[in-house]
Amino acid sequence: MELLAFARGQALTFSVAVFVLGVLWRLVGVLALPAWRDFSPPREGSAPNWLSAIRAIFRKMIPHRTFLKEGMFTTVNGYVFHFGLGVVVFLFVPHILFLRSLFGVSWPGLPNGVITGVGALTAGSLLVALAYRLTSPVLKLISRPNDYLSWLLTFLPVATGLAATAHVGPRYETMLALHILSVCAFLIWFPFGKLMHAFLFVLSRGATGIRFGHRGAQL
Amino acid sequence: MKHDDNLAGEMQRRGVSRRAFLKFGSYVASLMALPPSAAEALAEGLAAARRQSVIWLSFQECTGCTESLTRSYAPTLENLIFDFISLDYHETLMAVSGEAAEKAREAAMAANRGKYIVVVDGSVPMKDGGVYATIGGRTNHQILEDTVKDAFAVVAVGTCAAFGGLPRANPNPTGAVPISTLVGGKPLINISGCPPIPEAMTGALAYVLSFGKLPELDHLGRPKAFFGETIHDRCYRRPFYERGEFADGFDDAGARQGFCLYKVGCKGPVTYNSCATMKWNGGVSFPIQSGHGCLGCSEPDFWDQGGFYRPLSTPLGAMGPALAGAALAGAALGVGAALSARSHQKSYLASAEKEKE
Amino acid sequence: MTAKTTGSGVAFDAQGDRADAERRDAAMQAFVRDFARTAAIHMESCLRCGMCANACHFYVTTGDPKYTPINKLRPFEQAYHRHVGPFAPIYRLLGLKSNVSIAMLQEWESLIYDGCTLCGRCTLACPMGIDISELIKEARHGMYRAGLVPDRLELMDRTAKAWGSPASPAEDFADIIRETGEANGVPMNVDLPEADYVVTVAPAELTDHTKALSDVARILNKIGVKWTYSTAGFEASNIGYINGDLPLQEKMTRKIIDNAIAVGAHTLILPECGHAYGAARWEAARWYGKKLPLRIIHMTEFLAETVASGKIKLKKMGETTCFHDPCQLARRGGVTEAPRAVLKALGLDLKEFEDHGELAWCCGGGGGVVSNVRADPLRFKAFSIKRKQVEDAHTQHFVTACGQCRITLALGAKHDKWDQKVESLLEIVADHLED
């Protein structure tokens with residue numbers, strides 16, 4: 001109970017604070033850099049920048065068919081664990097209560113059986129993603145410690161959450177505390193590693209969308 | 001009171017049959033999830049035992065534990081347990097008072113050196129020399145040390161004795177501590193709960209009496225037989241939890257349909273006790289059945305878990321100020337980093353211009 | 001200027017005689033200089049998913065993971081995080097990102113110059129939308145300042161500085177124009193003091209494809225506008241843009257723009273050249289810090305608008321063709337409709353490649369790779385993709401709208417002993433003008 005109180009108390013407050021601090025630090029640090037102003041005339045009939053940015057954000061959700069030939073696994077598996085994480089994080093009632101305590105809004109959840117199933121699928125998908133990273137020559141070459149740490153800190157909350165539900169390992173309150181602590185670790189690492197893509201994808205796609213939109217080029 | 005006779009003889013004189021002994025034995029055995037063969041062993045053990053001297057000390061407490069024990073709706077059991085033991089000292093229950101009462105305690109200690117059991121309810125204040133609770137001019141701490149010295153075992157009854165309970169709740173003005181921190185190496189059983197389930201108290205005592213040793217305990221010193229599973233795992237409302245059907249308040253449709261009380265702060269998932277199986281008042285009900293979430297009263301620090309109505313999965317602290325500070329600091333660091341990068345670029349541009357000339 | 005190899009056996013060229021640390025610092029500084037917001041966002045965003053690998057013709061045809069586009073940026077990513085990123089002070093403080101080593105830069109020289117055509121196909125494959133090819137172009141700024149550039153590209157750089165063009169001295173330009181006009185029987189305008197249209201050229205047109213020079217003239221004469229070539233600003237291909245030599249890029253850009261403004265032109269026509277379009281159409285205004293008082297259009301756009309306006313009529317060919325979209329024109333320039341409209345006007349039945357338009361495969365020679373002889377084996381490998389596309393199309397013609405693509409494709413065909421002509425859209429149009 002002490003560990004659980006620590007996890008729900010100081011650990012959670014600290015890690016959410018680090019999360020907020022880091023996210024703003026990184027976003028502001030990048031956005032406050034000077035931008036080249038583009039004085040070239042836009043292609044005739046091109047959309048305004050904001051529209052190009054939004055279009056790119058959506059357009060990039062699905063790869064061109066030609067890139068799916070080799071990238072089908074990466075894409076589908078990526079969708080599976082992102083979808084799974086989304087369902088587990090946002091539709092498990094205890095998680096909704098956590099989010100409600102932070103943001104004051106709530107929504108209906110799903111039955112636990114569904115969550116457990118999706119959680120297991122997510123864990124499996126993450127394991128497959130890791131296996132692929134460890135075996136593909138391209139991924140082996142370009143992967144950094146950041147990638148493995150980000151993987152681990154995503155996997156741990158899923159694994160500890162499933163273990164707590166299934167009463168595997170230590171006593172429930174200890175497992176629950178470990179689950180919350182693993183989320184704390186996730187939150188602390190989030191802004192500093194590639195987990196930050198959850199925010200950056202908007203900027204990254206948007207920026208390219210603006211560049212391409214200005215030129216009348218297709219993304 | 002005669003102490004040299006065994007219980008069987010004494011009971012027989014009072015008209016308690018051997019059959020009643022066996023019945024009690026099997027009741028306790030089943031309560032504590034012992035194998036069937038233990039029922040007889042328990043009965044035999046009890047029969048052969050001498051009447052056990054018990055000294056009951058009450059410190060910083062509310063007498064709820066005693067109330068719970070004496071108002072047990074298992075009269076046979078209650079009668080039996082009080083027949084089995086010689087309750088030589090109990091402020092609330094004994095007839096004598098003042099010096100005579102303390103004398104009785106001392107006499108019992110002297111007569112049963114090394115054999116008596118000390119039952120404690122209530123925590124012990126340690127701050128300021130323990131002045132916050134004294135009896136006859138002696139602090140609880142002194143009385144406890146004195147009494148425990150020659151005891152066979154100590155039973156901490158109730159969450160105050162087991163874990164400090166309400167007196168120890170933040171900010172703990174009296175410096176209250178649980179009994180476990182003061183009894184040195186003496187065998188100790190914690191029967192936590194606010195109050196504990198009566199059968200947990202009597203069952204544990206009966207076990208000690210029959211087998212002359214402590215029952216199997218969990219990492220918090222509680223008998224596994226009564227504290228081995230969570231309320232949540234044995235809760236009759238569990239199916240609603242699994243289906244995602246919850247009461248959002250105490251008078252909404254969900255509450256009326258008896259849905260799970262997780263959202264209104266039930267601590268069942270992390271509370272180890274037998275309420276959901278043994279229930280209270282002779283098996284009539286328990287808090288969740290009567291529509292209120294579990295408070296987690298048998299767990300350490302249950303007062304300080306951020307409120308009884310705060311769901312288990314929510315943070316304990318108020319995050320607002322920390323987050324506002326973090327947001328400001330983060331934005332400032334971001335601007336600082338960008339400025340440093342800009343000045344880096346500027347100094348390069350200047351040197352590049354120079355090269356051009 | 002001698003070919004060397006790194007400890008790991010990778011060949012590299014180095015210019016000048018400087019200490020390693022000085023080279024490294026020059027690279028880092030030049031790289032840091034360009035770090036604006038978009039590049040920083042993109043440096044922050046990589047997920048290491050590897051999707052870019054299969055978008056790259058060099059990875060696909062060699063199977064060597066080092067050609068994974070994002071890997072080509074490795075030293076510059078390290079530099080970004082150490083010098084520019086929001087956590088740079090922490091990285092430096094904790095020593096988490098070491099300073100880039102000169103050995104690393106040497107090793108990466110061939111990935112950044114030989115192993116990338118700046119075609120930008122990876123940008124389209126990236127789920128985060130990271131504009132990898134733009135980042136590699138910026139990385140070249142650092143490499144150039146460090147004096148770590150393939151010698152052939154550096155040679156073109158020096159030639160362009162000395163001659164105003166990597167192909168021919170400026171003094172010879174007017175003569176080449178006149179001679180070409182005489183040879184092809186087309187009246188030419190050179191160095192007119194005033195004109196509405198200024199036409200610029202690419203190196204290939206001053207050597208192999210001189211017919212293009214008179215073909216433009218034929219069309220402009222036909223529509224009867226005031227136009228001219230100008231010795232003061234004729235070279236639109238921008239080797240500075242390709243090499244990462246920013247001062248030269250600015251110089252080359254200013255030459256053609258200043259000249260066009262001086263003759264009072266409302267339109268500057270760029271030759272059939274991809275990178276010329278990138279450098280002039282999208283980056284020229286950068287050097288002026290304001291909107292330019294003239295239009296800058298690619299030859300293909302000029303042809304399309306001329307055909308659309310009805311000022312020229314074309315003979316219908318009634319044949320089949322396939323079309324190679326130059327990367328800088330289609331994918332990175334947004335010009336995909338124009339060439340198709342012109343092909344249609346020519347009565348050519350276009351059989352599209354499976355990947356065309358913005359998804360087109362690069363010829364393999366962009367970004368200076370065609371001129372960088374060191375990269376020949378790699379380039380010939382990449383050519384196999386294009387060859388297969390063309391063979392599968394089974395058409396009578398194979399057309400493109402970039403001289404550099406045309407040379408690359410022709411060289412590839414020659415190397416393969418494959419008998420396939422690569423035609424210029426401009427030349428076909430000029431050859432099919434109705435009287």
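Predicted, not measured: the structure shown is a model, and the values here were computed from it. For every chain, the first residue of the written sequence is number 1, and numbering continues from 1 onward in sequence order. Note on labels: chains are lettered from A, ligands numbered from 1, in written order. For this predicted model, a pLDDT threshold of at least 70 governs which residues receive local features, and a threshold of 80 or more governs which side-chain atom pairs are given and counted, while totals over whole chains, interfaces and linings are taken from all residues.

Participant: Any details on the overall build of chain B? Residues and values, ideally.
Facilitator: Tallying secondary structure elements over chain B gives 16 helices and nine strands in all. A globule of 357 residues ought to have a C-alpha radius of gyration of about 21 Å, yet chain B, at 28 Å, is considerably larger. Based on the C-alpha atoms only, the size of chain B along its principal axes is roughly 120 × 50 × 35 Å. Here exposure depends only on C-beta density: within 10 Å of a residue's C-beta, 20 or more other C-beta atoms make it buried, 12 or fewer make it exposed, and intermediate numbers make it partly exposed, the C-beta atoms being placed from the backbone. The buried share among the 357 residues of chain B stands at 45%. Per the convention used, a helix needs a DSSP run of H or I reaching at least four residues, while a strand needs a run of E reaching at least two, with both numbered from the N terminus. Just to be clear, the radius of gyration here is over C-alpha atoms, and the globule rule we use is 2.2 Å times residues to the power 0.38.

Participant: Which residues make up helix 3 (residues 65-91) of chain A, and what values go with them?
Facilitator: Residues and elements named next belong to chain A. To estimate how far a helix should reach, multiply one less than its number of residues by 1.5 Å. Between the first and last C-alpha of helix 3 there are merely 32 Å, a value that for 27 residues lags more than 12% behind the 39 Å anticipated at 1.5 Å per step. Two axes are fitted around each residue, one to the seven residues ending there and one to the seven starting there, and the angle between them is reported as the bend at that residue. At Gly 71, helix 3 shows its maximal kink, close to 90 degrees. By the burial criterion, the buried members of helix 3 are Phe 67, Gly 71, Thr 74, Phe 81, Gly 84 and Val 88.

Participant: Lay out the interface of chain A and chain C in plain terms, naming residues and giving numbers.
Facilitator: Think of it this way: build a C-beta for each residue from its backbone, and any pair within 7 Å is a contact. The partner chain C presents 47 residues to the 47 residues of chain A that form the contact. The set of elements that each furnish at least two residues to the side of chain A that touches chain C consists of helix 1 (2-31), helix 3, helix 6 (137-142) and helix 9 (197-215) of chain A. With 11 residues, helix 9 of chain A is the single largest residue contributor to the side of chain A that touches chain C.

Participant: Run through the domain arrangement of chain B, naming residues and quoting values.
Facilitator: Residues and elements named next belong to chain B. What marks off one domain from the next here is an automatic or database domain assignment. Domains assigned within chain B are domain 1 (7-226) and domain 2 (231-304). Once you take the C-alpha centre of each, domain 1 and domain 2 turn out to be 28 Å apart. Contacts between the two partners involve 14 residues from domain 1 and, on the opposite side, 13 residues from domain 2. Counting residues per element, the ones that place at least two in the side of domain 1 that touches domain 2 are helix 8 (158-163) and helix 10 (198-211). Grouping the amino acids of the side of domain 1 that touches domain 2 by side-chain chemistry returns nine nonpolar, four polar and one charged. Each residue gets one of three labels, nonpolar for Ala, Val, Leu, Ile, Met, Phe, Trp, Tyr, Cys and Pro, charged for Asp, Glu, Lys and Arg, and polar for the others, Gly among them.

Participant: Describe the interface of chain C and chain B, listing the residues and the values that go with them.
Facilitator: At the junction of the two partners, chain C supplies nine residues and chain B supplies eight residues. Of all the elements in the fold, those that place two or more residues in the side of chain C that touches chain B are helix 1 (20-33) and helix 5 (88-94) of chain C. Examining the composition of the side of chain C that touches chain B, we find that three residues originate from one element, helix 1 of chain C, more than from any other. The class makeup of the residues in the side of chain C that touches chain B is six nonpolar, two polar and one charged.

Participant: So what's going on with the domain arrangement of chain C? Which residues, and what values?
Facilitator: All names here are of chain C. For chain C, the assigned domains read domain 1 (17-149), domain 2 (163-305) and domain 3 (312-431). A C-alpha centroid distance of 22 Å is found between domain 2 and domain 3. Each partner contributes residues to the interface: domain 2 has 29 residues there, and domain 3 has 27 residues. Those elements that provide at least two residues to the side of domain 2 that touches domain 3 are helix 11 (203-207), helix 12 (211-223), helix 13 (239-243), helix 15 (274-282) and helix 17 (299-309). In terms of residue count, helix 12 provides more of the side of domain 2 that touches domain 3 than any other element does, eight residues in total.

Participant: Give me the nonpolar core: which residues, what numbers.
Facilitator: Among the nonpolar cores identified, the biggest contains 292 residues, and B:Val120, B:Val154, B:Val155 and C:Leu270 are the most heavily contacted of them. Ranked by residues supplied to this core, first place goes to helix 1 of chain A with 16 residues. Those residues in contact with B:Val120 that lie beyond four places of it in its chain are B:Leu57, B:Phe59, B:Leu144, B:Val154, B:Ala156, B:Val157, B:Ala161 and B:Ile179. To form a nonpolar core, buried Ala, Val, Leu, Ile, Met, Phe, Trp, Tyr and Cys residues must be joined through C-beta atoms within 7 Å.

Participant: Explain the environment of C:Gln328 residue by residue, including any values.
Facilitator: Residues and elements named next belong to chain C. Secondary-structure assignment places Gln 328 in the loop between strand 7 (319-324) and helix 18 (337-345). According to the C-beta neighbour criterion, Gln 328 is buried, with 30 such atoms within 10 Å. Residues Gln 328 and Thr 62, spaced 266 residues apart in sequence, show a C-alpha to C-alpha distance of 23 Å. What Gln 328 contacts, discounting residues up to four positions off in sequence, is Gly 274, His 275, Tyr 277, Gly 278, Gly 333 and Gly 366.

Participant: So what about the sheet that holds strand 9 (residues 188-191) of chain B? Which residues, and what values?
Facilitator: Residue and element names in this part refer to chain B. Each pair of strands is called paired provided DSSP finds at least two bridges between the two strands. An order of 2-1-3-7-9 is seen for the five strands of this open sheet, with the pairing classed as parallel. Across the chains shown, the open sheet's two edge strands, defined by having one partner strand only, are strand 2 (85-90) and strand 9. Mean inter-strand twist for the sheet, computed between neighbouring axes without regard to direction, equals 20 degrees. Sheet topology note: the strand 7 (residues 153-157)/strand 9 ladder contains four bridges and is parallel. Looking across to strand 9, one finds that Ala 156 is bridged to Asn 190. To obtain an axis, a line is fitted to C-alpha atoms, over the contacting stretch when the element is a helix, and the angle between two such axes runs from 0 to 180 degrees between their N-to-C directions. Running over the sheet, helix 6 (residues 98-111) touches strand 1 (52-58) and strand 2 and is turned about 140 degrees from strand 2.

Participant: Hey, could you go over the environment of C:Ala382 for me, with residue numbers and the actual values?
Facilitator: Tracing the chain through its elements places C:Ala382 in helix 19 (residues 376-393). For the pair C:Ala382 and C:Cys362, spaced 20 residues apart in sequence, the C-alpha to C-alpha distance is 8.4 Å.

Participant: Let's hear about the packing of helix 1 of chain C against helix 8 (residues 132-145) of chain C: which residues, and what values?
Facilitator: Each packed pair of helices is defined by two parameters, the angle between the axes and the distance between the axes. All names here are of chain C. Contact pair helix 1 / helix 8: the axes reach a minimum separation of 7 Å and the direction vectors enclose 150 degrees. Crossing of helix 1 over helix 8 shows right-handed handedness. Contact residues: helix 1 offers Ala 26, Ala 27, Met 28, Ala 30 and Phe 31, while helix 8 offers Glu 138, Ala 139, His 141, Gly 142, Met 143 and Arg 145. For a crossing to be left-handed, the near helix must be turned anticlockwise from the far one by less than a right angle; the clockwise case is right-handed.

Participant: I'd like a description of the confidence of the model for chain C, backed by residues and values.
Facilitator: For chain C, per-residue confidence averages 93 on the pLDDT scale, and residues scoring 70 or more make up 99% of the total. The ipTM, which scores confidence in the relative placement of chains, is 0.94 for this predicted complex, and the corresponding pTM is 0.91. What pLDDT expresses is the predictor's confidence in each residue, scored from 0 to 100.

Participant: Residue-level account of the sheet that holds strand 8 (residues 348-350) of chain C, with values.
Facilitator: All names here are of chain C. Read across the open sheet, the four strands follow the order 8-7-9-10; overall the sheet is parallel. Bordering the open sheet on either side are strand 8 and strand 10 (423-424), each of which pairs with just one other strand. The pairing of strand 9 (residues 397-400) with strand 10 spans two bridges and is classified as parallel. Looking across to strand 10, one finds that Thr 400 is bridged to Ser 424.

Participant: A description of unusual backbone geometry should follow, citing residues and the corresponding values.
Facilitator: Geometrically, the link from B:Asn170 to B:Pro171 is a cis peptide bond, its omega value of 10 degrees lying close to zero. You can see B:Pro171 is positioned in the loop between helix 9 (165-168) and strand 8 (176-177). Omega for the peptide link from B:Cys194 to B:Pro195 comes to 0 degrees, which places this bond in the cis form. In this structure, B:Pro195 sits in the loop between strand 9 and helix 10. With a phi close to 55 degrees, A:His167 is a non-glycine residue in the positive phi region. Looking at the secondary structure, you find A:His167 in the loop between helix 7 (145-166) and helix 8 (172-189). Taking the number of C-beta atoms within 10 Å as the measure of exposure, A:His167 has 12 and is therefore exposed. A positive phi angle, close to 60 degrees, is found at C:Arg48, a residue other than glycine.

Participant: With reference to specific residues and values, describe the packing of helix 1 of chain A against helix 8 of chain A.
Facilitator: Residue and element names in this part refer to chain A. Where helix 1 meets helix 8, the axes come as close as 9 Å, and the angle between the chain directions of the two elements is 10 degrees. It follows from the interaxial angle that helix 1 and helix 8 lie roughly parallel. Residues Leu 3, Leu 4, Ala 7, Arg 8, Ala 11, Leu 12, Ser 15, Val 16, Val 18 and Phe 19 of helix 1 touch helix 8, and the partners they reach there are Glu 173, Thr 174, Leu 176, Ala 177, Ile 180, Leu 181, Cys 184, Leu 187 and Ile 188. Working rule for angles: under 35 degrees goes down as roughly parallel, over 145 as roughly antiparallel, 65 to 115 as roughly perpendicular, anything else as oblique.

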